[in-house]
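Take a look at the letters that make up each chain.
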Amino acid sequence: MTPTSTVRDASAERAADLPLRTNRSFRAYWVGEAVTLAGSSVYGVALPVIAVLELGASPGQVSLLAAAATVPAFVLALPAGVAGDRYPKRKIMIGTDLAAAAVVSVVPVCWAAGVLSVPVLYVVALMLGALTVLHQAASIAIVPEIVDRAHMHPANARIAGAFSLADTAGTYGGTLVVGLLGAVRALWLDSLSYLVSAWCASRIRPNATRRAATARPARMGAAIREGVRYVMRDPIQRPLVLSLAGLAYADGIVTTYFAYTLLTRLGSGSTGLGLVMGVTAVGGLAGAVVATRLVDRFGPARVMLTGFLAYAVCGVPLLVARPEPVWLGVIAAAGALRTAAAVAAGTTQRSLRQQLCPPELQSRAQQTSVWLVTGLRPAAALTAGAIAAASSVHAALIAGTVLYLVPAALLWVSPVRRLTTMPTAAPTPVKDSAHGS
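Here's a quick rundown of the structure.

Focus on the overall build of the chain
The secondary structure content of the chain amounts to 18 helices and 0 strands. Within the chain, counting contacts between residues at least 6 apart in sequence, those at least 24 apart form 88% of the total. Per element, the accessible surface of the chain, about 19600 Å² overall, is 68% carbon and sulfur.

A short note on the nonpolar core
Counting residues in hydrophobic clusters, the biggest one holds 39 residues, and the most contacted among them are L262, L318 and I331. Core analysis: the next-biggest nonpolar cluster, separate from the first, contains 32 residues, L65, V118, V184 and A186 among them.

Considering a nonpolar patch on the surface
Together, L98, L176, L180, L181, L189, L192, L195 and V196 line one region of the surface with nonpolar side chains, adding up to about 720 Å² of accessible area. Mapped onto the elements, L98 comes out in helix α4 (residues 89–113).

Considerations on the packing of aromatic side chains
Within this structure, the stated rule accounts for 3 aromatic pairs. A ring pair is formed by F74 and W371, whose centres lie 5.7 Å apart and whose planes are at 10 degrees; its orientation type is stacked. One end of the pair, F74, is in helix α3 (residues 59–86); the other, W371, is in helix α16 (residues 362–390), with 297 residues separating them in the sequence. Judged by its relative accessible area of 39%, F74 is partly exposed. In this structure W371 comes out as partly exposed when scored by relative accessible area, which is 29%. Geometrically, the ring pair formed by Y257 and Y260 is edge-to-face, given 5.9 Å between the ring centres and 70 degrees between the ring planes.

Description of the packing of α4 against helix α8 (residues 183–202)
For the pair α4 and α8, the least separation of the axes is 8 Å and the interaxial angle reads 165 degrees. As far as their axial angle goes, α8 and α4 are roughly antiparallel. Considering how the two elements wind past one another, α4 and α8 form a crossing that is left-handed. Taken together, the residues that form the contact of α4 with α8 break down as 17 nonpolar, 4 polar and 3 charged.

What to know about the side chain of T36
Considering the arrangement of structural elements, one finds T36 in helix α2 (residues 24–54). Polar contacts involving the side chain of T36 include one to the main-chain carbonyl oxygen of G32, which spans 3.0 Å. For T36, the residues in contact, after removing those within four places along its chain, are D97, S193, Y194 and S197.

Some details on helix α17 (residues 393–403)
In an α-helix, one full turn covers 3.6 residues, which means residues spaced three or four apart are oriented alike. Residues of α17 that are buried include every one of A396, L397, G400 and T401, and no others. The buried residues of α17 occupy one face: seen down the axis, they fall within an arc of 135 degrees.

Details of the environment of L263
In this structure, L263 sits in helix α11 (residues 258–263). A relative accessible area of 40% means that L263 is categorised as partly exposed.

Topic: the pattern of salt bridges
Scanning all chains against the criterion turns up 3 salt bridges. Its salt-bridge partner being R364, residue D85 comes within 2.8 Å of it at the nearest N-O pair. With D85 in helix α3 and R364 in helix α16, the pair connects residues that are 279 residues apart, well separated along the chain. There is no split in this pair, since D85 and R364 are both buried. When the shortest N-O distance is used, the salt bridge between E226 and R364 registers 2.9 Å. Here E226, found in helix α9 (residues 220–233), pairs with R364, found in helix α16; they are 138 residues apart in sequence, far enough to count as distant.

How each quantity is defined
Residues numbered from 1 in each chain as written. Predicted model: local features only at pLDDT ≥ 70, side-chain atom pairs only at ≥ 80, totals over all residues. Heavy atoms only, no water. Helix = DSSP H or I, 4+ residues; strand = E, 2+ residues; numbered from the N terminus. Contact = heavy atoms within 4.5 Å. Areas by Shrake-Rupley, 256 points an atom, 1.4 Å probe, with all protein chains shown as cover. Core = buried A, V, L, I, M, F, W, Y, C linked by side-chain atoms within 4.5 Å. Buried < 20%, exposed > 50% of the residue type's maximum accessible area, 1.4 Å probe, protein only. Patch = residues over 30% accessible without salt bridge, like charges linked within 9 Å, V, L, I, M, F, W, Y side chains within 5 Å. Salt bridge = Lys/Arg side-chain N within 4 Å of Asp/Glu carboxyl O. Phe/Tyr/Trp six-rings, centres within 6.5 Å; stacked < 30°, edge-to-face > 60°. Axes fitted to C-alpha atoms, helices over the stretch in contact; angles between N-to-C directions. Parallel < 35°, antiparallel > 145°, perpendicular 65-115°, else oblique. Left-handed = near helix turned anticlockwise from the far one by under 90°. Nonpolar A, V, L, I, M, F, W, Y, C, P; charged D, E, K, R; others polar. Polar contact = N/O pair within 3.5 Å; in protein donor to acceptor, adjacent residues only side chain to side chain. Arc of directions from axis to C-beta.

Following this line, the structure appears as C-alpha cells:
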C-alpha cells in the first residue's frame with residue numbers, strides 16, 4: 001500500500017466514524033439512492049401507460065412485461081451478491097447508474113424514431129431489472145463501509161425514511177408528470193435521476209479497511225454456496241432471513257387481491273384506492289423516524305417481534321370491512337400502521353445482519369435474502385390464485401393474514417428473541433474453506 005492510499009484510507013475511516021449529519025459519504029449515498037427511487041417510481045407509472053395506451057399491448061403482453069421486470073431479481077440475485085463482494089461497490093453503483101440511464105433513454109429515442117414496440121419494452125425491462133439487481137447488491141452492502149457500526153441503525157432508518165418519501169413523491173409526481181408531459185417524455189426524468197445518482201455515488205468515499213482482502217473463490221458457484229451456507233448456518237442470520245421470506249410469502253398472497261378487494265367488494269373506486277395506498281405509504285416514513293428510539297428503549301428483539309405481530313393484526317380490517325367510506329379510512333390507517341411497523345422491524349433486522357456479517361460476505365448474505373424473497377413472491381401469487389379458485393378471494397386473504405404470524409413465531413423460537421441490545425463486537429472474518437483464506 002502506498003503512502004497516498006494509506007492517508008486516503010485513514011481519511012475514509014475517520015469520515016465513517018463521524019455522526020450521520022456530518023458524514024459526507026452517507027449524505028451523498030442517501031441523496032443519490034432516494035433520487036433514483038423517485039425516478040424509478042416515475043418509470044413505474046409511465047411504462048404501463050406506454051404499453052397499454054400508446055402501443056395497445058394485450059393483457060398477455062402486459063403480464064410478460066411485468067414478468068420481464070421481476071425475473072432478473074430471482075435469476076441474478078445470488079451472482080450479483082458475488083460481484084458485490086468481489087469488486088469495489090462504489091464502481092458498481094456508478095457503472096450500473098450510467099448504464100441504466102442509457103437503457104431508459106432507449107424508449108423515448110425509439111419513440112422519436114418511430115420504431116418503439118412492445119418487444120423493445122421487454123428488452124428495456126429485462127436490462128433495467130438486471131442493472132437494478134446488481135446496483136442494489138452493491139448499494140445495500142456498502143453502508144457498513146461508509147458508516148460506523150454505532151451509527152448503523154440510525155443510518156438504515158434514515159435510508160428507509162428517505163425511500164418511503166421518495167417512493168410516495170415519485171408515484172404521485174410521476175402521475176402528474178405523465179399527465180403533463182406524456183408517458184414517453186416522462187422517462188427522460190428517470191434517465192436524469194440515474195445520472196444524478198451516479199454523480200452522488202462518485203462522491204462516496206468508502207473505507208477500504210472495512211473490506212476484507214480475502215482470496216476470491218475461483219468459481220461463481222463456490223462463492224454463491226459460501227454466502228448461502230453462511231446465512232443458513234448462522235444462528236442469528238438464519239431466522240432473520242427466513243422470517244423475511246415468510247413475511248414476503250404471506251404478503252404476496254394478500255397483495256394479490258388487495259386492490260381487487262377494494263375495487264370490487266368494497267367499491268372504493270380508483271380515487272379511494274389511490275388514497276388508501278398513499279396513506280399506507282406515509283406510514284413508512286413514521287416507522288423510520290421512531291425505529292432507532294424504539295430499539296434503544298425496548299431492544300431489537302421486541303421491536304422486530306412487535307413489528308411482525310402488528311403487521312398481522314393490521315391485516316384484519318380488510319377481512320371484516322364493509323362497502324362504506326368509513327371502512328376505507330380504517331383500512332388506510334391500519335395500512336399506515338402496518339407499514340410503520342414493517343419499516344421499524346425491517347431497518348432493525350437489516351442493521352443486525354450488517355453488523356453481524358463479516359465484511360467479505362456482506363453482499364452475498366444480503367442477496368441470499370433477496371433471492372429467497374423474490375423467489376417466493378410468484379409462488380405466493382399462485383397460492384392466492386389456487387385458494388381463490390378452490391374457495392374464494394376472501395379465503396385467500398384470510399390464509400395470507402394468518403400466515404403473517406409465521407415470521408413472529410420463527411423469531412420467538414430462535415436466539416433472536418434474547419437480543420436486548422444491538423451488537424457492538426466486530427464480526428469475525430469467515431474462513432474460505434475452499435481456499436483456506
